[in-house]
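Analysis of the macromolecular model
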Amino acid sequence: MPVALTIAGSDPTGGAGLQADVQVFRSLGVHGAGVVTALTVQDTAKVHQVLPSFPSVVLEQLRVLLRDMRPDAVKIGMLATDDIALNVELALETLDAPLPDSVARPPRVPIVIDPVLAASDGTELIERRAWARLQDLMRRAAVATPNLPEAAALTGCDVSSEEGVQAAATVFVSDYGAGAALVKGGHADGPPRDLLALRQGATVVFEWQGGERIPGGRIHGTGCALSSAIAARLAHGDELRIAVAAARDFVRQAIARAEAFGKQARFLAY
Ligand code: PLP
């Protein structure tokens, strides 16, 4: 079984964060490893409190883990603070170091970065001063998966038009150095349309993917699940466009079957 590692915040409801990531990994046939960047106090209505992990412990967890176990893909979610983001960046260098008994660089492990800024209730999940580090981390990403508000905040682009969304995706790829950007359109009114921007040589190519909006109100943790599903498929060795298509199908089906475990939001069912 391939291994995927999630570096994310804990959500005690199990609907988002590390708990959701690991469930998605397993349901897609991947063993899930996880390093917690923050504890949250939350229910299905809102995030009540955020307690970032000790940055040094995040670094040590990653270093110890990565010396022992080589993941086939990594997903990065909530990073909480600038110090944690820095330590994640440092620890990921372990992935590029030559393996014992070899001088050759190992193959690059694909990294999916979900640039989580805030929860749906508006609670900040990363401090503002860490945004620059998050932008810097993008050069490590095989794909970044911002939603529309995150794409706007991290690029300064006005994402209210199709051209604006393409401009924001281009900033992720051309300026920040991500291999690709999937800008998720769910926050716009009307039928959701996602944009996948892929680096192709010196240019960026765009693929718009639409779908009907599935009625039924708020569902918790869809962004976490989508990025984890992409990481799971990449861990299986899928090419990026195939991984993204499979992950979108997975999340669509899980939205259609969503279940109410808590009082205030439904969860994906898969
Ligand atoms: N808690 C954690 C740890 C998360 O990573 C996220 C989203 O990324 C959330 C909560 C918020 O989920 P939602 O946007 O569904 O409120």
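Refer to the preceding data block for the structure.
The notes below deal with the structure included here. (Residues numbered from 1 in each chain as written. Predicted model: local features only at pLDDT ≥ 70, side-chain atom pairs only at ≥ 80, totals over all residues. Heavy atoms only, no water.)

The local shell around the ligand holds 14 residues, among which Q42, S120, H220, G221 and C224 are the closest. S120 has a polar side-chain atom sitting 2.8 Å from an oxygen atom of the ligand. H220 places a side-chain nitrogen or oxygen 2.9 Å from an oxygen atom of the ligand. For the ligand, whose accessible area on its own is 400 Å², the fraction buried by protein is 90%. Of the residues belonging to the shell around the ligand, the class tally is 6 nonpolar, 7 polar and 1 charged. (Near = heavy atom within 4 Å. Polar contact = N/O pair within 3.5 Å; in protein donor to acceptor, adjacent residues only side chain to side chain. Areas by Shrake-Rupley, 256 points an atom, 1.4 Å probe, with all protein chains shown as cover. Nonpolar A, V, L, I, M, F, W, Y, C, P; charged D, E, K, R; others polar.)

Turning our attention to the nonpolar core. The biggest cluster of nonpolar side chains holds 54 residues, and the ones touching the most others in it are I76, L79 and V88. Within the second largest apolar cluster, 30 residues are counted, among which are V143, L226, A232 and L268. (Core = buried A, V, L, I, M, F, W, Y, C linked by side-chain atoms within 4.5 Å. Buried < 20%, exposed > 50% of the residue type's maximum accessible area, 1.4 Å probe, protein only.)

A word on the packing of helix 1 (residues 17-27) against helix 7 (residues 222-235). Contact pair helix 1 / helix 7: the axes reach a minimum separation of 9 Å and the direction vectors enclose 40 degrees. Taken together, the axes of helix 1 and helix 7 lie oblique to each other. Crossing geometry of helix 1 relative to helix 7 is assigned as right-handed. Facing helix 1, whose interface residues are G17, D21, V24 and F25, helix 7 presents C224, A225, S228, A229, A231 and A232. Considering only residue class, the contact of helix 1 with helix 7 consists of 7 nonpolar, 2 polar and 1 charged. (Axes fitted to C-alpha atoms, helices over the stretch in contact; angles between N-to-C directions. Helix = DSSP H or I, 4+ residues; strand = E, 2+ residues; numbered from the N terminus. Parallel < 35°, antiparallel > 145°, perpendicular 65-115°, else oblique. Left-handed = near helix turned anticlockwise from the far one by under 90°. Contact = heavy atoms within 4.5 Å.)

As a general feature of sheets, a regular strand has side chains that alternate between the two faces. Across 5 bridges, the pairing between strand 2 (residues 31-42) and strand 3 (residues 47-52) is antiparallel. Looking across to strand 3, one finds that V41 is bridged to Q49. (Pairing = 2+ DSSP bridges.)

Moving on to the pairing of strand 8 (residues 193-200). Sheet analysis places strand 7 (residues 180-183) next to strand 8, joined by 4 bridges and oriented antiparallel. By the bridge assignment, V183 is partnered in strand 8 with L195. In terms of strand pairing, strand 8 meets strand 9 (residues 203-210) through 8 bridges, oriented antiparallel. Bridged to Q200 within strand 9 is T203. Between strand 8 and strand 9, which follow one another and run antiparallel, lie 2 residues, and G201 among them has a positive phi close to 60 degrees.

Together, L39, V41 and L51 give the surface a local cluster of nonpolar side chains, amounting to about 240 Å² of exposed area. Mapped onto the secondary structure, L51 falls in strand 3. On the basis of relative accessible area, L51 is assigned to the partly exposed category, the value being 37%. (Patch = residues over 30% accessible without salt bridge, like charges linked within 9 Å, V, L, I, M, F, W, Y side chains within 5 Å. Salt bridge = Lys/Arg side-chain N within 4 Å of Asp/Glu carboxyl O.)

For the rest of this paragraph, the subject is helix 6 (residues 162-175). Over its 14 residues, helix 6 extends 19 Å from the first C-alpha to the last, a length consistent with the 20 Å expected when each residue adds 1.5 Å. When we look at burial in helix 6, the residues that qualify are G164, V165, A168, A169, V171, F172 and V173. Where helix 6 ends, the next residue or the one after it, G177, has phi of about 90 degrees, a positive value. (Expected span 1.5 Å × (residues − 1).)

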